[in-house]
Amino acid sequence: MVLNIGGLVAVVVFYVLILAIGVWASKKSKKEEKKCVGTTSEVTMIGGRNISLLVGIFTMTATWVGGGYILGTAEAVYSPSQGLIWATGPLAYVITFLLGGLFFAKPMRTQRYVTMMDPFQQRYGNSFTTALLLPALISDVLWVACILAALGGTMSLILDLSSYYSIILSAAVAITYTLLGGLYSVAYTDVIQLFFIFISLWLCIPFLVLNPASSDVTFTALFNQSQQVPWVGELKLEDAGKWIDELLLLALGGLSYQALYQRILSAASPVQAQITCFVAAGIVLILGLPSIIIGAVASTADWNQTSYGHRTPFEQGEQGKVLPLALHYLTPPWVSVLGIGAVAAAVMSSMDSVLLSSASMFARNIYKNSLRKQASDRECLWVIRIAVLLVGLAGMGLAFLEDSVFAFWLVGGDLIYCTVFPQLICVLHCRVANGYGAATSYILGTVLRLLSGEPLLHLPPVLLFPGWRKNVSTGVICQYFPFRTVIMLVSLVAIPLVSLLARLAFTHNLLPCSWDILGILKEEEATALGGENEEEEEGDEKLPTAKEKLLAVSSTSC
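These lines cover the structure that appears in this document, whether it is placed above or below. Owing to the predicted nature of the structure, the values given are computational and were not obtained by experimental measurement.

**A word on the overall build of the protein chain**
Scanning the protein chain from terminus to terminus reveals 21 helices and 2 strands. Across the 558 residues that make up the protein chain, the buried fraction comes to 54%. Here the contacts in the protein chain between residues at least 6 apart in sequence split such that 81% fall between residues at least 24 apart. Accessible surface, the protein chain: about 23900 Å² in total, of which carbon and sulfur atoms supply 66%.

Encoded structure:
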């Protein structure tokens, strides 16, 4: 193959356009700083809570419609062992946005938090928040690495350009405009990127469907005459547990990422934050349809009629590249270039969001609130910029490891689902939750998840759940029971249960107060005394003491 000069020029022009919009948005953010009552760092992190409804919807949707969403959906539909029914991404993200709008957007925005970790820091303190934040930061770095690796593979296939160059170029552009304008640059570039994703992918569909090598996907949905099984797929009863587990992992795990709450907290009001989530749920589903169609066309195409070869992508172990392969071999060159532009736009729209969200949590919840409380706003702004640069460089460096990073990222997502998600529910909606319950749940969820094993990391399971299977040829054991969801539920129940037991033990003198290393008695006594000071004594009637109030509180439930 020869380097596709025309395609390369088109991609460079697209990157220049995105960079120019980022520079323009950075100037807009400077103007907003003068209008905003908040600090400069808050303008960088959450746009001064002044992001318009339309821009908020676009940036929310673009963050989730990333390279993994587009490429992964097409791969699942194409794969003979999966099919459409196993392409859980579109349905899962719809659930994420609906639940986010119903149960998480209003309490987070009403309390005027700046990051997702603020409620944890207010209730549990700095140490536990730092422990909870570390897996989220690591997962974000690996997320950046995975989507950059996916983009590098796609560009190398269509443009015949080394993946190293495409990874470095994409990372440099995303880091640059994120550094310049913070959330304003990220949000306004997301608008352009989302439009480009929508137009480019839908423009590719007619050329794919009308290609002589393609079959009628409406007929082959259930009756496939090609070498592969029907692309709709099949869900057997014995596989239902795994399907439910993967769906909930994406749907509920998606509620545990700072990128989601950065958009919620940037809204002008709680109602606007909820509307943003609800509208994004519909758009993300529409943007998943082109990937579904591309995967279906690829599964029914006669690859012998193309220059790809006599064997299908699945037979050659390239099902993960089925979307760029379909664009390259089933569409004209200029159409495939538009397709690669859509993938690049999707990758950058996710990458910039992850960079800013990780940097925001580190700068505010670790540096400002834990390490250097006297840090000025200007100092915090520079910490955000340095963190954006470091996360971007770390992700770019790990992107060259590809498969290994992808495995670690999946496990990181598992840990967030099993540990961070139940913590988030309780910190927002459970009054009895305290540090003892939160710490116990965190340790319990992490240990149970590691003991359940992970084939991607060659980690054998110690805990075998019902329905497990062993591959005869490889000897690898796979869990088909929804064990991740079970671990998440165990972690969720542990928080209020242990919190209540700890409170009862201290208030009833079952444990000495000197053992209260997390200081829940002092904290609750201060709250109770504060309430007493607001009441006026009437006659000789004796007011309840702080301890009596604590006993009353301990009888309440979550």
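**As for helix H5 (residues 89–110)**
With 22 residues, H5 ought to run about 32 Å at 1.5 Å a step, and its terminal C-alpha atoms sit 30 Å apart, in line with that. Of the residues one or two after H5, Arg112 is the one with positive phi, at around 60°.

**A look at unusual backbone geometry**
Positive phi is not limited to glycine here, since Arg49 has a value of about 55°. Secondary-structure assignment places Arg49 in the loop between helix H2 (40–46) and helix H3 (53–64). Positive phi, close to 60°, is recorded for Arg112, a residue that is not glycine.

**Focus on the nonpolar core**
Most often, soluble globular proteins keep nonpolar side chains buried together rather than apart. Counting residues in hydrophobic clusters, the biggest one holds 152 residues, and the most contacted among them are Tyr15, Leu148, Tyr261 and Met351. Element by element, the count of residues in this core is highest for helix H15 (residues 333–371), at 19 residues. With residues near it in sequence (within four places) discarded, Tyr261 still touches Phe104, Met108, Met116, Leu255 and Leu424.

**Overview of empty space enclosed by the protein**
A complete count under the given rule lists 1 cavity of 30 Å³ or more for this structure. Val411, Arg449, Leu450, Gly453, Glu454, Leu457 and Leu459 are the residues that line the largest cavity. The residue makeup of the lining of the largest cavity, split by class, is 4 nonpolar, 1 polar and 2 charged.

**Quick word on a nonpolar patch on the surface**
A cluster of nonpolar side chains, Phe195, Phe198, Ile199, Trp202, Ile286 and Leu289, forms an exposed patch at the surface whose accessible area comes to about 530 Å². You can see Phe195 is positioned in helix H8 (residues 163–209).

**A look at the pattern of salt bridges**
Between side chains of opposite charge, a pair can form as their charged atoms come close. In the structure shown here, the tally under the stated rule is 8 salt bridges. Arg263 is the partner of Asp190 in a salt bridge, and the nearest nitrogen-oxygen pair spans 4.0 Å. Of the two residues, Asp190 sits in helix H8 while Arg263 sits in helix H11 (residues 258–265), which places them 73 residues apart along the sequence. The salt bridge partner of Asp245 is Arg484, with a shortest N-O separation of 3.0 Å. Separated by 239 residues along the polypeptide, Asp245 in helix H10 (residues 240–253) and Arg484 in helix H19 (residues 483–507) bring together distant segments of the chain. Note on accessibility: Asp245 and Arg484 belong to one class, buried.

**Some points on the side chain of Thr276**
For Thr276, the position within the fold is in helix H12 (residues 270–286). For Thr276, a relative accessible area of 3% corresponds to the buried category. A polar side-chain atom of Thr276 sits 2.8 Å from the main-chain carbonyl oxygen of Gln272. Those residues within four positions of Thr276 in sequence are excluded, and the remaining contacts are Leu53, Gly56, Ile57 and Met60.

**Digging into the packing of H5 against H10**
Here H5 crosses H10 at 45°, and the two axes come no closer than 7 Å. Considered as vectors, H5 and H10 are oriented oblique to each other. Note that H5 runs across H10; the crossing there is right-handed. Mapping the contact onto sequence places Gly89, Leu91, Ala92, Tyr93, Ile95, Thr96 and Leu99 in H5 and Trp243, Leu247, Leu250, Ala251 and Leu252 in H10. Taken together, the residues that form the contact of H5 with H10 break down as 10 nonpolar, 2 polar and no charged.

**Some remarks on the environment of Gly47**
Inspection of the secondary structure assignment puts Gly47 in the loop between H2 and H3. Sequence separation between Gly47 and Tyr184 is 137 residues; the distance between their C-alpha atoms is 6.0 Å. Look past the residues within four positions of Gly47 in its chain and what remains in contact with it is Glu42, Leu183 and Tyr184.

**Examining the packing of aromatic side chains**
Evaluated as defined, the whole model comprises 19 aromatic pairs. With 5.3 Å between their ring centres and 90° between their planes, Tyr124 and Phe128 make a pair best called edge-to-face. Of the two residues, Tyr124 and Phe128, neither departs from the other in class, the shared state being buried. Judged by centre distance (5.8 Å) and plane angle (40°), the rings of Tyr436 and Phe506 are tilted. Linking Tyr436 in helix H18 (residues 435–451) with Phe506 in helix H19, this pair joins segments that are 70 residues apart in sequence. Across this residue pair, the class does not change: Tyr436 and Phe506 are buried. Chaining the aromatic ring pairs together yields one cluster made of Phe120, Tyr124, Phe128 and Tyr442. One residue, Arg385, lies across the ring of Trp382, its end atom 4.8 Å from the ring centre.

**Here we look at H12**
For H12, spanning 17 residues, the distance from its first C-alpha to its last is 25 Å, which sits close to the expected 24 Å at 1.5 Å a residue. Taken residue by residue, H12 has Gln272, Ala273, Gln274, Thr276, Cys277, Ala280, Ala281 and Val284 as its buried positions.

**Here we look at the side chain of Ser26**
Residue placement: Ser26 occurs in helix H1 (residues 5–35). Exposure remark for Ser26: the relative accessible area of 7% places this residue in the buried category. Side-chain polar atoms of Ser26 contact the backbone oxygen of Val23, separated by 2.5 Å.

**Brief notes about the environment of Gln274**
Note on placement: Gln274 falls in helix H12. Taking the relative accessible area as the measure of exposure, Gln274 reaches 19% and is therefore buried. Residues Gln274 and Lys106 lie 168 residues apart in sequence; the distance between their C-alpha atoms is 6.8 Å. Those residues in contact with Gln274 that sit more than four places away from it in its chain are Gly101, Leu102, Ala105 and Lys106.

Rules used in this analysis
Residues numbered from 1 in each chain as written. Predicted model: local features only at pLDDT ≥ 70, side-chain atom pairs only at ≥ 80, totals over all residues. Heavy atoms only, no water. Helix = DSSP H or I, 4+ residues; strand = E, 2+ residues; numbered from the N terminus. Buried < 20%, exposed > 50% of the residue type's maximum accessible area, 1.4 Å probe, protein only. Contact = heavy atoms within 4.5 Å. Areas by Shrake-Rupley, 256 points an atom, 1.4 Å probe, with all protein chains shown as cover. Expected span 1.5 Å × (residues − 1). Core = buried A, V, L, I, M, F, W, Y, C linked by side-chain atoms within 4.5 Å. 1 Å grid on protein atoms, 1.4 Å probe; cavity = no way out; pocket = protein on both sides within 12 Å on 5 of 7 lines; lining within 4 Å. Points joined across faces, edges and corners; volume = space filled by probe spheres on them. Nonpolar A, V, L, I, M, F, W, Y, C, P; charged D, E, K, R; others polar. Patch = residues over 30% accessible without salt bridge, like charges linked within 9 Å, V, L, I, M, F, W, Y side chains within 5 Å. Salt bridge = Lys/Arg side-chain N within 4 Å of Asp/Glu carboxyl O. Polar contact = N/O pair within 3.5 Å; in protein donor to acceptor, adjacent residues only side chain to side chain. Axes fitted to C-alpha atoms, helices over the stretch in contact; angles between N-to-C directions. Parallel < 35°, antiparallel > 145°, perpendicular 65-115°, else oblique. Left-handed = near helix turned anticlockwise from the far one by under 90°. Phe/Tyr/Trp six-rings, centres within 6.5 Å; stacked < 30°, edge-to-face > 60°. Lys NZ or Arg CZ within 6 Å of the ring centre and 35° of its normal.

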